[in-house]
Amino acid sequence: MRILICEDSALLRAGLVRLLEDAGHEIVAALPDAGELTTRVAETAPDLCILDVRLPPTYTDEGIRGALALRAADPALPVLVLSQYVEERYASDLITGSGAGQRGALGYLLKDRVADVSDFLDAVERIGAGATVLDPEVVAQLLTRRGRDERMARLTERERTVLALIAEGKSNQAIASTLFVSEAAVEKHITSLFQKLDLEQDEHGNRRVLAALVHLEHGTTAPTHPTLPNGADR
């Protein structure tokens, strides 16, 4: 996979380059800030862009704004944003700024996840393949924020757990393994929770996680229904 990195920390940037190259990926650019981001993306045509949330010169939301600009220019471009801490507003901006009609894959992970090399590389692969992968801490905050919504109140504790695991990018098989239940049981929980959240089944299987989180964030009925990664439908 051809990957562009935009990270101001020289140490982390070099570490990401080495880690991803060792895993067989090609790094087409490694930028210290977003100044040339749009130009370099146009020149190198990466398969995935990895950006830090906070970049020079203000170290506030340059990375998020850069990610939103990239997805506005090319909605199909997979983007992975890395953050030092859980920054719910920035995560919400990225999720809600990437409308449910867009098809590009999306990731938002804490930088601590990079330390778990196998999980990080797996997330990179899944995002590059079209999945939506969100950090468990971000998922927890988004779910908590909407916890008193009447739709969430309809869910059982197990259904809430399954929804969080879906949003983290886990497949039905991985959820079943995590919860020590059968895949059939997982499918039953997923069908039930989507019905309770008023999310109708449609053709767009690759957008269901994003649609569910938009729905939970805003309390409105999303036009598409959430996606399970890795091609799973329900």
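Residues numbered from 1 in each chain as written. Predicted model: local features only at pLDDT ≥ 70, side-chain atom pairs only at ≥ 80, totals over all residues. Heavy atoms only, no water.

- Looking at an unreviewed UniProt entry, the protein carries the name LuxR family two component transcriptional regulator, with the source organism given as Microbacterium telephonicum.

**A closer look at the sheet that holds strand S2 (residues 26-31)**
- Within the open sheet, the six strands sit side by side as S2-S1-S3-S4-S5-S6. Their pairing is parallel. Looking at which strands have only one partner, the edges of the open sheet turn out to be S2 and strand S6 (132-134). Strand-to-strand, the axes of this sheet are offset by a mean angle of 15°, without reference to chain direction.
- One ladder, built from five bridges, connects strand S4 (residues 79-83) with strand S5 (residues 106-110); its direction is parallel. When the bridges of S5 are listed, Leu-80 appears paired with Gly-107.
- Contacting strand S3 (48-52), S4 and S5, helix H3 (residues 62-73) crosses the sheet at an angle of about 160° to S3. (Pairing = 2+ DSSP bridges. Helix = DSSP H or I, 4+ residues; strand = E, 2+ residues; numbered from the N terminus. Axes fitted to C-alpha atoms, helices over the stretch in contact; angles between N-to-C directions. Contact = heavy atoms within 4.5 Å.)

**A short note on the packing of helix H1 (residues 10-22) against helix H5 (residues 117-128)**
- The interhelical angle for the contact between H1 and H5, taken along N-to-C directions, is 75°, at an axis separation of 11 Å. Classified by the angle between their axes, H1 and H5 sit roughly perpendicular to one another. Mapping the contact onto sequence places Leu-16, Leu-19 and Leu-20 in H1 and Val-117, Phe-120, Leu-121 and Val-124 in H5.
- Its residues placed into classes, the contact of H1 with H5 shows seven nonpolar, no polar and no charged. (Parallel < 35°, antiparallel > 145°, perpendicular 65-115°, else oblique. Nonpolar A, V, L, I, M, F, W, Y, C, P; charged D, E, K, R; others polar.)

**Section: the nonpolar core**
- Counting 28 residues, the largest nonpolar core has Leu-4, Leu-37, Leu-51, Val-81 and Tyr-108 as its most contacted members.
- Ranked by residues supplied to this core, first place goes to helix H4 (residues 88-97) with four residues.
- Not counting residues within four places of it along the chain, the set of residues in contact with Leu-4 comprises Val-28, Ala-29, Leu-31, Leu-37, Arg-40, Val-41, Thr-44, Pro-46, Leu-48, Cys-49 and Ile-50.
- Counting residues in each nonpolar core, the second largest holds 21 residues, with Ile-27, Ala-105, Leu-121 and Val-133 among its members. (Core = buried A, V, L, I, M, F, W, Y, C linked by side-chain atoms within 4.5 Å. Buried < 20%, exposed > 50% of the residue type's maximum accessible area, 1.4 Å probe, protein only.)

**Focus on the pattern of salt bridges**
- Tallying each qualifying case throughout the model produces nine salt bridges.
- A salt bridge links Asp-52 to Lys-111, with the nearest nitrogen and oxygen atoms 2.9 Å apart. Taken together, the residues span a long stretch of sequence, with Asp-52 in strand S3 and Lys-111 in the loop between S5 and H5 at a distance of 59 residues. One exposure class covers both Asp-52 and Lys-111, and it is buried.
- Notably, a salt bridge pairs Arg-113 with Asp-135, separated by 2.6 Å at the nearest N-O pair. Taken together, the residues span a long stretch of sequence, with Arg-113 in the loop between S5 and H5 and Asp-135 in the loop between S6 and helix H6 (136-145) at a distance of 22 residues.
- We classify Arg-113 as partly exposed; its relative accessible area is 31%.
- Salt bridges here are not isolated pairs; linked through shared partners, they connect Glu-7, Asp-52 and Lys-111. (Salt bridge = Lys/Arg side-chain N within 4 Å of Asp/Glu carboxyl O.)

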